[in-house]
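The chain contents come next:
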Amino acid sequence: MKNILILSIATFLFLTSCCKEKEEKVEKIIINNSADTLLKSEHLVMATLWFQKSAEMQAIYYQNFKFAKMMLDENFKKDRFKIKKTKPKAVITDIDETILDNSPYNAGLIEKGESYNKESWAAWVNEKRAEALPGALDFCNYAKEKGIEIFYVSNRSADRIDATVENMVNEGFPFADKEHMYLKAETSNKTDRRNNILENYDVILLLGDNLRDFDEIFGNRGEDFGFNIVDKNKDKFGTNFIVFPNPIYGEWEKAVYKGDFSISDEGKRKMRVDALDK
Ligand SMILES: [Mg+2]
């Protein structure tokens, strides 16, 4: 009798825990598909899909790197920066979404219903599985063959340098070493890092998916989203600066939120819609 009683209690507890687990699972699924979650990341689905699944994106990257090779040759001859020509020539390129593809990180955020955060980004970088973007390796190796060094100036955190170097070595990038890697120590402003390189090199081409990869003058977009400042500098695009498309994130998005990412998800959605020209 006693054994039957113990067995009954155990069965009851087991079934209760199973039901609870099932309930939690159901609740989790509901939470991950809640309006709040969709508000947080649904707008990133199309952007990330475009980056990963549009052949147009692949073609644009090939096109940009082909053009970058042409301008590398032309600038090598003309030295458009008109600075001392006794220094060796160099290229400065950004890393993320310029030569390495981190869109699987964003896809993971969408799946989990999360937003960008430093912890999950650091974990992604440490996985070292970002792949080279179409045409990136060909361009970098072309520059190396021409005797032009490449410097990687990125706002990845400086304490992620080992993982970044390893990722880039595995992908086959030339100059993927600590001497050619200028990551973010204190500020996301890349001016000092660029100037540091300019002390010893003539930088004949810059590549990036964010206009701040070229010059900090593009940092503050102002009321007109930076269109005026780009207009004033239009001659540099396609000559000294090669810009890559990034519909997933960037300074442009910050401008939509008027520099304030702390706004609620609902508030951000409203600002996105309000910013559209109708
Ligand atoms: Mg970038």
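The next subject is the overall build of the protein chain. A tally of regular secondary structure across the protein chain gives 11 helices and seven strands. Looking at the protein chain residue by residue over its 278 residues, the buried ones come to 24%. In the protein chain, the proportion of contacts linking residues at least 24 apart, taken out of those at least 6 apart, comes to 79%.

On a regular strand, each side chain points to the face opposite its neighbour's, so the side chains alternate between the two faces of the sheet. The buried fraction of strand S6 (residues 202-208) amounts to seven of the seven residues, a majority that puts the element mostly inside the structure. Here strand S1 (residues 89-93) runs beside S6; their pairing, made up of five bridges, is parallel. Along S6, the bridge assignment pairs alanine 90 with valine 203. By the bridge criterion, three bridges tie S6 to strand S7 (residues 241-243) in an arrangement that is parallel. Note that in S7 the partner of leucine 206 across the bridge is phenylalanine 241.

Bringing helix H2 (residues 35-53) into the picture now. Between its first and last C-alpha, H2 extends 26 Å over 19 residues, near the 27 Å set by a 1.5 Å rise per residue. Along its length, H2 shows its largest kink, about 45 degrees, at serine 41. Within H2, burial applies to Leu44, Thr48 and Phe51. Of the surrounding secondary structure, the elements contacted by the buried residues of H2 are helix H3 (55-78) and helix H4 (103-112).

About the thresholds
Residues numbered from 1 in each chain as written. Predicted model: local features only at pLDDT ≥ 70, side-chain atom pairs only at ≥ 80, totals over all residues. Helix = DSSP H or I, 4+ residues; strand = E, 2+ residues; numbered from the N terminus. Buried ≥ 20, exposed ≤ 12 C-beta atoms within 10 Å, placed from the backbone. Contact = placed C-beta atoms within 7 Å. Pairing = 2+ DSSP bridges. Expected span 1.5 Å × (residues − 1). Bend = angle between axes of the 7 residues up to and from the residue.

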